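Reading the structure
The chain contents come next:
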Amino acid sequence: MENGAANPIIVCENVKKWFGDFQALRGVTTSVAEGEVVVVIGPSGSGKSTFIRCINRLEQHQEGRIVVAGIELTSDVRNIERIRSEVGMVFQQFNLFPHLTVMQNITLAQVWVRKRSRSDAEERAMALLERVGIPEQAAKYPGQLSGGQQQRVAIARSLAMDPKIMLFDEPTSALDPEMIKEVLEVMQELAGTGMTIVAVTHEMGFAREVANRVVLFDEGQIVEEGPPAEFFANPRHPRTKMFLSQILSH
Amino acid sequence: MSAESFDLPLQPEPPPKVHRIGWLDWARKNLFNSVFNGTLTMVLTAGLLLLILALLRFVFSPDRRWEVMPPNAANYVVEAYPREDLANMWLSLWIIAALAGVSTASWGMGGQVSVIKVVAAVRAIGATALVVGVLSLWSPAGGATQTVLVWGGAALFGVGVGATRLVQEERGVSVARVLAIVGALLVGLVWYMPLESGTTWPLTITALVVVAFHWVGKLVGQWLSARLMKRVITVLWVLSFPVIYLHIQRNPSLVWGEVTSWLPWAGLLIAAGPAVIWVVSRAGREQAAGVNFLLGGVSIYSWVIQWPMAIRVLFLLLTLFSLATPTFAASPRARRAFYWTWLAGGLCTLYFFLMGIGSTDLATRGHFLGGINLTILLAVGGTALSFPLGVMLALGRTSSMPIFRILSIVYIEVVRGVPLITVLFFGDKVIPRFLPPGLDFAGEAKALLAITAFSAAYLAENVRGGLQAVSKGQTEASRALGMTTAQMTMLITLPQALRVVIPALVGQAIALFKDTSLVAIIGLADFLRVARDIVPNQPDSLGSILENLLLAALVYWIFAFSFSRASLRLERRLGVGTR
Amino acid sequence: MANRPSLAAPTRPPLWRNATFLKWAAQIGVLFGVLALGSVLIGEATANMRAQGLSLDWDLLTDPPGIQLGEGIFIKPSTGLEAFYTGAVNMLRVALSGIVAATVVGAIVGIARLSSNWLASRLATVFVESLRNIPVLVQVVFWFFLASTLFPILEADSSGPIPGVLLVSRKGVSFAWPFPQETFWQWGAFLVVGLLTARWAYRTRMRRAEALGEDTRPGTWALLAFLAWAVLGWFAHPLAGALGWLFMLLAASVGAVPVSVYQVVLALVSLYLGWRWIHRFLESRRSPAGLAKLTDDDYFRMILAGALGAGGAAVLMLLPAATEVGTNVLQYLLEFCDQKFDFLRSGAPLAMGSPSVEVPGRFPQIAGTGLTMTPSFFGIWMGVTLYTASFIAEIVRGGILSVPKGQSEAGYALGLRRGQLLRMVILPQAFRVILPPLGNQYLNLSKNTSLGIAVAFPEMVQVGQTMFNQTGDTIQVILIWMAFYLSISLLISVLINYYNRRAQLVER
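Residues numbered from 1 in each chain as written. Chains lettered and ligands numbered in written order. Predicted model: local features only at pLDDT ≥ 70, side-chain atom pairs only at ≥ 80, totals over all residues. Heavy atoms only, no water.

Attention now goes to the side chain of C:Gln407. Note that C:Gln407 resides in helix H13 (residues 405–413). Residues contacting C:Gln407, with those up to four places away along its chain left out, are A:Asn95, A:Leu96, A:Phe97, A:Pro98, C:Leu421, C:Val425 and C:Gln429. (Helix = DSSP H or I, 4+ residues; strand = E, 2+ residues; numbered from the N terminus. Contact = heavy atoms within 4.5 Å.)

Here is the structure:
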């Protein structure tokens, strides 16, 4: 918790979650400071995706507390809407809206949620598309783009809402190797601007170079967390050693 | 990766006990979770209350004559079937009941159902009855029924609530037991209802037959393999419908003089069949083609000259068998199957002509089909007959031969483009125009033909969907194995295609069942017509039309709804799309 | 070189073993069989009918039918054609209003089934599961008898549940309605121009928006353009009377050209179509190097296409009556349009009417001042509308459920509310899935209007049955039905296909 103590923007306390009889989260306690980049790793089915989906309440936790930007996540509809407009999320399957052009994808929520004028929204969208490197694709439909381009549009779509926190749920898992690089570059650039980021990913290079903290999940709990240099060089827990040996051996 | 070897600090816990939420919490969550939903709930509740009150005022109005229904039970089920021959109808029902009983033993009843769900259902039924009963106190009349509703509902609700307290943990109960209890209650109801005399015992016997044959099925099942048992039962089901409608209900009696002229020839043909099959399967390709050509020529010629109809049909059948022999009966095993199929099919055809043509029966004394009986005949017969026609049309539509394709497309699109009632009128009014003067089919037969022709077009479109779903690799593989087109179609493509479209075919059968009600328009006495015209015009039940229409709606609904539920279950079990 | 195995020259198989020949022999054989059967049946039918003093002619369209219809344009039609016209218009009234109502009800119920409100979703489920499992005919008959036995009896002083707006009685349901007047068609011409202008305005503004990247409000502009024309036309509609001259001129010129000219032109078109098919077929078989070798099968196909084209041309040339019917219909339509336009007409194109009761003889009647649904219309309309709505509800629900879960998750993650998500993300995508089966339901509804016969509603089938009961011309009536319903089916499927193609997603 040494990092979280500074100025925590996400605080989780003993978060538990069940799917039927299966317990997906067994009591997760952690916090994320403003501007911190946290990379969550772990084997599949370890609960890491469930965890970050709980942060903007795409899943509901059943016990424990989650406070995001000073707002407690309860079933109060107003709180959920406020948190969702503060927290951006990027999905593994991009989830772009296929019936809207790239430009419309990015402006939709700006106009309807942020209540910006359309011209402002389009200006912002164009700036973001330039930032992620595909300004020329604005008039196309998602179906006409490559996977890497689609994921960059998805990132631009989230950033257009000026979120305080960005959540990445395995953003590169559905991509071909050469496209992974272009998405990671965008994420790295984003981390450099001081954005708070929580990312679930299998990209160890990204974790090593960009993260302030690496968290290992297994069986619905945090096994070990720490700064990447220490985490990768001297893992303390045997579970971490085994995970790292499996993932880094090839 | 076995994570068990690592000592992670937190062990899994059971999920937090879902303590029963109070109904206030439940309402807040499901009915009033937003301003919009709250308003919607209020508006809907008000509308629902008004609707229920209006309905109850309708149901309990002194003008309603619900009491006319039980005495008219026979009219609904068989309409004008001669009452002195009703034993035939009971026998038909018992045959179905026996087959149903044996089938439940062989296929099972659908396993277990949770006790909590059963108890909840009892509680819900009780609560509904209680609420309806209390609300009905505001409507004009209804004395005894209201009392039954209020007290019966309260009792059921009480039992349900009590049982809920008792049954805490999840336990299963077999569906068979639940159905048996419901059946017993229904039999009790039969004894309580003022039905026509002489119906209570046969109905009770029907229930007993189901139970008895369930046990017979279990007993026989110990001796026969499950596979064989299922096959035998399926064959019996298929046979039961022609036997019931062509023999038991028609009650024919043979007139020997009519058949003596052609009977020996028919016997000779049936005996000659195996010889022909033997010769054709042994001969070379071209000799077999020669024999088939000869048979086909004689067969076509027989329709030009005056041969007895039985001989014509038998000859045509033999030609078809012989045509299929070189492709499908090459191995000795297949040939044996062909012999047996020929003998069985030939004898059935012979029986049909003996009993169907040269005999007097109920049909000649006036129409004998009506009510639910006719509805079921049209639905089952239409489904069964439209199946081969529909498959043929689907094969034609996907064929690579343009003329077959065009003919199929024209037929399918024309029939699908016009309403069923025009096809029924076509059958009823135009078919007689095509027949020699003075000759006409029975209205029921013409309606069956029209329904078959109509349904086949829709069925063809469903089957076509299945045919297109069979991957091209399958046809290429069978080609590579040296199969002919006929073998590939019958052995590879069709079986796969049909399995994919089973749910669509059941849906089509349900639609056909509902569509049979249209025969009421062309004057047949089906169930709807009995409810709309016949019962409301009886002196004792004059003008009770809305009541009778509601009964008709309920009966049609029960049939269609239970079939659609069964189809859903079947779909889930077949896992269509997942395999 | 010397021991290269020598191949015998390829021999064509004998005719009875040639696969292509057998295939085509079978097909042509079956075709002849079907044609022979058809001609035998028609011959038999003609002979039978002659024996009964009937014949296969079309006199029933021109003779006075001596029938009376329950409602519609011609209650006592003076020709068979008028009777069928009345039936067709009645059928279209039920079908069109039913399609609109069924779509609205179905969409609401389908969305309600997915509602988070327990009561709404339960009620919607009950609606769907009860209505779609009861035969539509039972429902039609039920509503008819409900209206004609349970509604209040019409008295001379009846004014219904909402006086001046809605009148409910056993003789029908009457409500207030804006009725088109004789100047409506002239106003309609302005509305058409308005629509075209609106379309043009929308496109121009849209192009401007794309060029400048600013919101140009194309929808508002288009609406304003349309409204401007509508308001202008309301007062200036006599100007459109000039169109009458145009139609008169066209009608006269259609009539002036002799039928043989049309025959020759249409026959040439038929020949051209056959030739074009063959030409395209050859083009498609052409390899880059030149003409590919054609199989026997290909030759048979081309011969078939050529024969169809030539056959069409021959029929057109030998049967002038076919062409004549076409030109007569065209001329009639043009003259009909001509009558609808006149400079001298004035007055508002629409006038509001409200329900009222009149007592012409001893018994009160609903006066023609409001729009009235007779019990027959009520029965067929309620029956087919609610029945179809239950199917449309399932289609809408299925369409919404077909949108992947990730779409709503992404929408929620962006902070969209449920309503916004539904309107902007889910429904536009669901629409593509919904459209084809929806078109099927429209077709079914149109065909189910034929059940009007069960409640004495004079639509096509009821009129046809009344006609053949009078004349015995069953075959002709069946042919008229087929032509009518097939045209309706074709029209709806063409429309649906057109929208379906426009709504396709753009893919890579």
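Residues and elements named next belong to chain C. Pairing in this open sheet of three strands is antiparallel, and the strands run E1-E2-E9 from one edge to the other. The open sheet has two edge strands, strand E1 (166–169) and strand E9 (371–373), and neither has a second partner. The mean angle between the axes of side-by-side strands here comes to 15°, regardless of whether they run parallel or antiparallel. Strand contacts of helix H12 (residues 375–401): strand E2 (172–175) and E9, with the helix running at about 70° to E9, the strand carrying the most contacts. (Pairing = 2+ DSSP bridges. Axes fitted to C-alpha atoms, helices over the stretch in contact; angles between N-to-C directions.)

Take unusual backbone geometry next. Negative phi characterises most residues that are not glycine, and trans characterises most peptide bonds. Phi is positive for A:Glu219, close to 45°, though the residue is something other than glycine. Topologically, A:Glu219 is positioned in the loop between strand E9 (213–218) and strand E10 (221–226). Although it is not a glycine, B:Glu79 adopts a positive phi angle of roughly 55°. In this structure, B:Glu79 sits in the loop between helix H3 (73–78) and helix H4 (86–107). With a relative accessible area of 10%, B:Glu79 lands in the buried category. (Buried < 20%, exposed > 50% of the residue type's maximum accessible area, 1.4 Å probe, protein only.)

Mean pLDDT for chain A: 87, with 96% of residues reaching 70 or above. Between residues 1–5 of chain A, whose pLDDT stays under 50, and residues either more than four places distant or in other chains, the model counts ten contacts. (pLDDT = per-residue confidence, 0-100.)

Once that is clear, we can look at the side chain of B:Ser106. Residue placement: B:Ser106 occurs in helix H4. Leave out the neighbours within four places in its chain, and B:Ser106 touches B:Met229, B:Lys230 and B:Ile233.

With that settled, consider the interface of chain A and chain C. Each side of the interface is counted separately: chain A has 29 residues, and chain C has 26 residues. Summing both partners gives a buried area of about 2400 Å² for chain A against chain C, and 62% of it is carried by carbon and sulfur. When the buried surface of chain A facing chain C is broken down by residue, A:Phe97, A:His99 and A:Trp112 rank first, second and third, together holding 23% of it. In this structure, the salt-bridge partner of A:Arg53 is C:Glu409, at a minimum N-O distance of 2.4 Å. Applying the counting rule to chain A against chain C returns five residue pairs in polar contact (both at pLDDT 80 or more). Of all the secondary-structure elements, those providing two or more residues to the side of chain A that touches chain C are helix H2 (77–86), strand E6 (87–90), helix H3 (102–112), helix H4 (118–131) and helix H5 (147–159) of chain A. Tallied by class, the residues present in the side of chain A that touches chain C amount to 14 nonpolar, eight polar and seven charged. (Buried area = accessible area lost by both parts, 1.4 Å probe. Salt bridge = Lys/Arg side-chain N within 4 Å of Asp/Glu carboxyl O. Polar contact = N/O pair within 3.5 Å; in protein donor to acceptor, adjacent residues only side chain to side chain. Nonpolar A, V, L, I, M, F, W, Y, C, P; charged D, E, K, R; others polar.)

Residue and element names in this part refer to chain A. For the structure shown, the criterion picks out 34 salt bridges over all chains. One salt bridge connects Glu59 with Arg53, and the closest N-O pair in it is separated by 3.4 Å. Each of the two residues, Glu59 as well as Arg53, counts as buried. Linking Arg131 and Glu189 is a salt bridge whose minimum nitrogen-to-oxygen distance equals 3.2 Å. Of this pair, Arg131 sits in helix H4 while Glu189 sits in helix H6 (residues 177–192), and the two are 58 residues apart along the sequence. For Arg131, a relative accessible area of 35% puts it in the partly exposed group. In this structure Glu189 comes out as partly exposed when scored by relative accessible area, which is 38%.

What follows deals with the packing of helix H15 (residues 371–398) of chain B against helix H20 (residues 485–515) of chain B. Angle between the axes and distance between the axes: these two values describe a pair of packed helices. Residues and elements named next belong to chain B. In the contact formed by H15 and H20, the axes pass within 11 Å of each other and the chain directions differ by 145°. Helix-helix and strand crossings are classified by hand; for H15 and H20 the assignment is right-handed. Every residue of H20 that contacts H15 at Thr375, Leu378, Ala379, Gly382, Thr383, Phe387, Val391 and Leu395 is listed here: Thr489, Leu494, Leu498, Leu505, Ala509, Leu512 and Phe513. In terms of residue class, the contact of H15 with H20 is built from eleven nonpolar, four polar and no charged. (Left-handed = near helix turned anticlockwise from the far one by under 90°.)

In terms of domains, chain B is made up of domain 1 (14–59), domain 2 (81–248), domain 3 (254–359) and domain 4 (368–579). Look at where the C-alpha atoms of domain 1 of chain B and domain 2 of chain B centre, and you get two points 32 Å apart. (Domains from an automatic or database assignment.)

What follows covers the interface of chain C and chain B. In this assembly, 60 residues from chain C lie in contact with 56 residues from chain B. For the pair chain C and chain B, the summed buried surface comes to about 5000 Å²; carbon and sulfur atoms form 73% of the total. Remark: the boundary between chain C and chain B carries one salt bridge. Taking the shortest distance from any N to any O, the salt bridge between C:Glu129 and B:Arg565 comes out at 3.2 Å. Broken down by secondary-structure element, the contributors of at least two residues to the side of chain C that touches chain B are helix H1 (19–51), helix H4 (118–131), helix H5 (136–149), helix H10 (296–318), H12, helix H15 (460–471) and helix H16 (474–503) of chain C.

Following both chains from N to C, one finds helix H17 (residues 420–434) of chain B and H1(C) inclined at 90°, their axes separated by 7 Å at the closest point. On the basis of their axis angle, the class for H17(B) and H1(C) is roughly perpendicular. Contacts between H17(B) and H1(C) involve B:Pro432, B:Arg433 and B:Phe434 from the former and C:Leu41, C:Ile42, C:Glu44, C:Ala45, C:Asn48 and C:Met49 from the latter. Of the residues contributing to the contact of H17(B) with H1(C), the split by class is six nonpolar, one polar and two charged. (Parallel < 35°, antiparallel > 145°, perpendicular 65-115°, else oblique.)

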